[in-house]
Amino acid sequence: MAAIYSLFIINKSGGLIFYKDYGSAGRMDTNDSLRVASLWHSMHAISQQLSPTFGCSGIELLEADTFDLHCFQSLTGTKFFVVCEPGTQHMESLLKVIYELYTDYVLKNPFYEMEMPIRCELFDCNLSQAIQKDRVALLGR
């Protein structure tokens, strides 16, 4: 069973620009992935406004019985979130690696238009390698 079920990248206006499913059971269709991304964007924005802590950046971890959802928001408002097995550790560092890959292979791509869906082969290849390294590291822990 995979430690990481899926990866979502949402632009600053709440649109899903990247989705990758890594789990084998319960795959989502396109409409479901769009709904999850939209719902998370809304919950994240509401949590920033309702937080009693001044300067709160929103929900970073959502723990449920069957999954954990880890979120990283960049300074530009792009959100990266991973749905994984409950109790999976070190997802924050994986999200930062994914963000670095995004900046290196997507944002520096002269053919990529901001806020549009990500279609970049180098990003896909390097992302797969990073996820595979993380899985191997999790097995070794």
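Predicted model, so just to flag it, every value in this text is computed and none were measured.

Caption draft 1: The arrangement of the state of the cysteines in detail. Inspection of every chain in the model, using the stated rule, returns 0 disulfides. Cys 120 takes part in no disulfide bond, and the closest cysteine sulfur, belonging to Cys 125, lies 8.9 Å away. Exposure remark for Cys 120: the relative accessible area of 9% places this residue in the buried category.

Caption draft 2: Summary view of unusual backbone geometry. At His 90, a residue that is not glycine, the phi angle is positive and equals roughly 65°. One non-glycine residue, Glu 115, lies in the positive phi region at around 70°. On the basis of relative accessible area, Glu 115 is assigned to the partly exposed category, the value being 27%.

Caption draft 3: Representation of the pattern of salt bridges. Under the counting rule described, the total for this entry stands at 2 salt bridges. Salt-bridge contacts for Asp 32 lead to Arg 35; the nearest nitrogen and oxygen are separated by 2.5 Å. Residue Asp 32 and its partner Arg 35 are located together in helix H1 (residues 30–50), separated by 3 residues, close to a single helical turn.

Caption draft 4: Representation of the nonpolar core in the model. Among the nonpolar cores identified, the biggest contains 23 residues, and Val 82, Ile 98, Tyr 102, Ile 118, Phe 123 and Leu 127 are the most heavily contacted of them. Those elements that provide at least two residues to this core are strand S1 (4–10), strand S2 (16–21), strand S5 (79–84), helix H2 (91–107) and helix H3 (121–140). With 7 residues, H2 is the single largest residue contributor to this core. With sequence-adjacent residues up to four places away left out, Val 82 is seen in contact with Ile 4, Ser 6, Leu 7, Asp 68, Leu 69, His 70, Met 91, Leu 95 and Ile 98. The next biggest cluster of nonpolar side chains, apart from the first, holds 9 residues, and it includes Ala 37, Trp 40, Leu 69 and Cys 71.

Rules and cut-offs
Residues numbered from 1 in each chain as written. Predicted model: local features only at pLDDT ≥ 70, side-chain atom pairs only at ≥ 80, totals over all residues. Heavy atoms only, no water. Disulfide = S-S within 2.5 Å. Buried < 20%, exposed > 50% of the residue type's maximum accessible area, 1.4 Å probe, protein only. Salt bridge = Lys/Arg side-chain N within 4 Å of Asp/Glu carboxyl O. Helix = DSSP H or I, 4+ residues; strand = E, 2+ residues; numbered from the N terminus. Core = buried A, V, L, I, M, F, W, Y, C linked by side-chain atoms within 4.5 Å. Contact = heavy atoms within 4.5 Å.

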